[in-house]
Amino acid sequence: MRFLKLPRSLRQLSNHVLAIALGVLLTVCTLQVLPSQAEPAPPVIDPSQLTVQRQSPASGAIGSSSFVTAAVNRVGTAVVRIDTERTITRRVDPFSEDPFFRRFFGDGFSQQMPPSEQLRGLGSGFIIDKSGLVMTNAHVVDKADKVTVRLKDGRTFEGKVQGIDEVTDLAVVKINAGNDLPVAPLGSSSNVQVGDWAIAVGNPLGFDNTVTLGIVSTLKRSSAQVGISDKRLDFIQTDAAINPGNSGGPLLNGQGEVIGINTAIRPDAMGIGFAIPIDKAKAIATQLQRDGKVAHPYLGVQMLTLTPDLAKQNNTDPNSPIQIPEINGVFVMRVVPNSPAASAGIRRGDVILQVDGKAITSAEQLQNVVEDSRLGQVLQLKVQRGNQTQQLSVRTAELQNASS
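Residues numbered from 1 in each chain as written. Predicted model: local features only at pLDDT ≥ 70, side-chain atom pairs only at ≥ 80, totals over all residues. Heavy atoms only, no water.

Draft legend 1. Geometry of the overall build of the protein. Helix and strand counts for the protein stand at 10 helices and 20 strands. Taken across its 404 residues, the protein has 38% of its residues classed as buried. Across the protein, the fraction of contacts at a sequence separation of at least 24, relative to all contacts at a separation of at least 6, is 64%. Working note: accessible area of the protein is about 24100 Å², and carbon and sulfur atoms make up 53% of it. (Helix = DSSP H or I, 4+ residues; strand = E, 2+ residues; numbered from the N terminus. Buried < 20%, exposed > 50% of the residue type's maximum accessible area, 1.4 Å probe, protein only. Contact = heavy atoms within 4.5 Å. Areas by Shrake-Rupley, 256 points an atom, 1.4 Å probe, with all protein chains shown as cover.)

See below:
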């Protein structure tokens, strides 16, 4: 059978139709296979359900407007500069008026020593009440003849010291500047944790309105560890720079709340600063406003934390004047004459083991127990003296001199 030979144009058309038919067939097969193998498409998100992640203080510090700026702006106008003046009168040396003495040293010798000298001091503080109450360190205003408080806007006022407590190094100063002063927001030091941000604000070395940033290095650093045995404090330690002139200024958290009062007490402390916890300062400030002073109970002993290792070192020393029980407790190094401890019969060399049935293992712990007691309260002490233990009753009295 002979096939008719189609024209060339018809053959090309038939080839195109066949190619289109094959393409349609492959597409249909593909559509039947792919949906079973593909993952479902993501759901459509409702924009109203989107939430913005809260920016942390750390990430905020990297931004153009840091959390430090916000914190300082919140409290900055309530931070003040405190300038003090004190006149020291010198006793006239009788030798300077002696004719025989003046023959050798001349008449000008007595004129070289002025009879009085005026000392100036500088510190910081912050307003805690709209009526003009300012909190600062006791050592900033102690024994000052004149106190001048300067606000950030340049206004200056004469300050009147309402009360000083040397034991906690806190003071309250009153200024008369109306009833609409900026007030620093007070936080809580009980919520502070190691590693939290710490912002110090004040006037270090006379450089007004200075801000330094660091973290809380540790908590409850006792005054004995810091090297000031005449104070009764557990400090907040920070690496934020604190220098002379910062004393009395606020230590802030990342939200701009006052968590402590800066105190420059260690001139040799490089990169370490200390602050009085604000919770302690609140309680002291209330008493200073009301009474002008704070009554602190005391026993009248100088003490040392005793451990078995420390006692063993002492006992193995052939030159040691005393043998100490190798136990944990508080070793009495000295008993203050006419003190409650002396009246109760506590002796040098005793080891205090318990107070009111509670074990005592450090001098700081005993100090806190006494500080938290009431004036005139009787404390029951368990004491080891040599190889024997005794029960002694001590009635606390008011501490008259912080150095004793």
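Draft legend 2. A look at the packing of aromatic side chains. If you walk through the whole model with that rule in mind, you get two aromatic pairs. An angle of 50° between the planes, with centres 5.1 Å apart, marks the rings of F67 and W197 as tilted. In this pair, F67 is assigned in helix α3 (residues 67–75) and W197 in strand β7 (residues 197–202), connecting sequence segments 130 residues apart. The partly exposed category is assigned to W197, whose relative accessible area is 28%. (Phe/Tyr/Trp six-rings, centres within 6.5 Å; stacked < 30°, edge-to-face > 60°.)

Draft legend 3. Inspection of helix α7 (residues 278–291) at higher detail. End to end, α7 covers 20 Å across 14 residues, agreeing with the expected 20 Å (1.5 Å per residue, within 8%). Those residues of α7 lying buried are I278, A281, I284, A285 and L288. Each buried residue of α7 lies within a common arc of 115° when the element is viewed along its axis, so the set occupies one face. Among the structural elements, β2 (116–129), β3 (133–137), β5 (156–165), β6 (170–174), β11 (258–263) and β12 (273–277) are those in contact with the buried residues of α7. G292 sits one or two positions beyond α7 and adopts a positive phi of about 80°. (Expected span 1.5 Å × (residues − 1). Arc of directions from axis to C-beta.)

Draft legend 4. Molecular detail of the sheet that holds β3. Strand order in the closed barrel formed by six strands is β1-β2-β3-β6-β5-β4, with antiparallel pairing between adjacent strands. Direction aside, the axes of adjacent strands within the sheet are offset by 40° on average. Relative to strand β4 (residues 146–150), strand β1 (residues 79–89) runs antiparallel, the two sharing five bridges. Opposite I82, over in β4, you have V149 as the bridge partner. The strands touched by α7 are β2, β3, β5 and β6; relative to β6, the strand with the most contacts, the crossing angle is about 55°. (Pairing = 2+ DSSP bridges. Axes fitted to C-alpha atoms, helices over the stretch in contact; angles between N-to-C directions.)

Draft legend 5. Representation of unusual backbone geometry. Despite not being glycine, K143 shows a phi value in the positive range, around 65°. Within the fold, K143 resides in the loop between α5 (138–141) and β4. Here the phi dihedral of N338 falls at roughly 60°; this positive angle occurs in a residue that is not glycine. Of note, N338 is situated in the loop between β15 (329–335) and α9 (340–344).

Draft legend 6. Structural context of the pattern of salt bridges. Applying the stated rule across the entire model yields 10 salt bridges. Across the pair D350 and R385 runs a salt bridge, and its minimum N-O distance is 2.8 Å. With D350 in the loop between α9 and β16 (351–355) and R385 in strand β18 (residues 378–385), this residue pair connects regions lying 35 residues apart in the sequence. Take D350 and R385: they sit in the same class, and that class is buried. (Salt bridge = Lys/Arg side-chain N within 4 Å of Asp/Glu carboxyl O.)

Draft legend 7. Highlighting the pairing of β15. Counted residue by residue, β15 has five buried out of seven residues, so it is predominantly covered. Examined bridge by bridge, strand β14 (residues 301–306) and β15 share six bridges and lie antiparallel to one another. Each bridged residue has a counterpart across the sheet, and for L306 the counterpart in β15 is G329. Sheet topology note: the β15/β16 ladder contains two bridges and is antiparallel.

Scope: geometric values only; no functional claims are made or implied.
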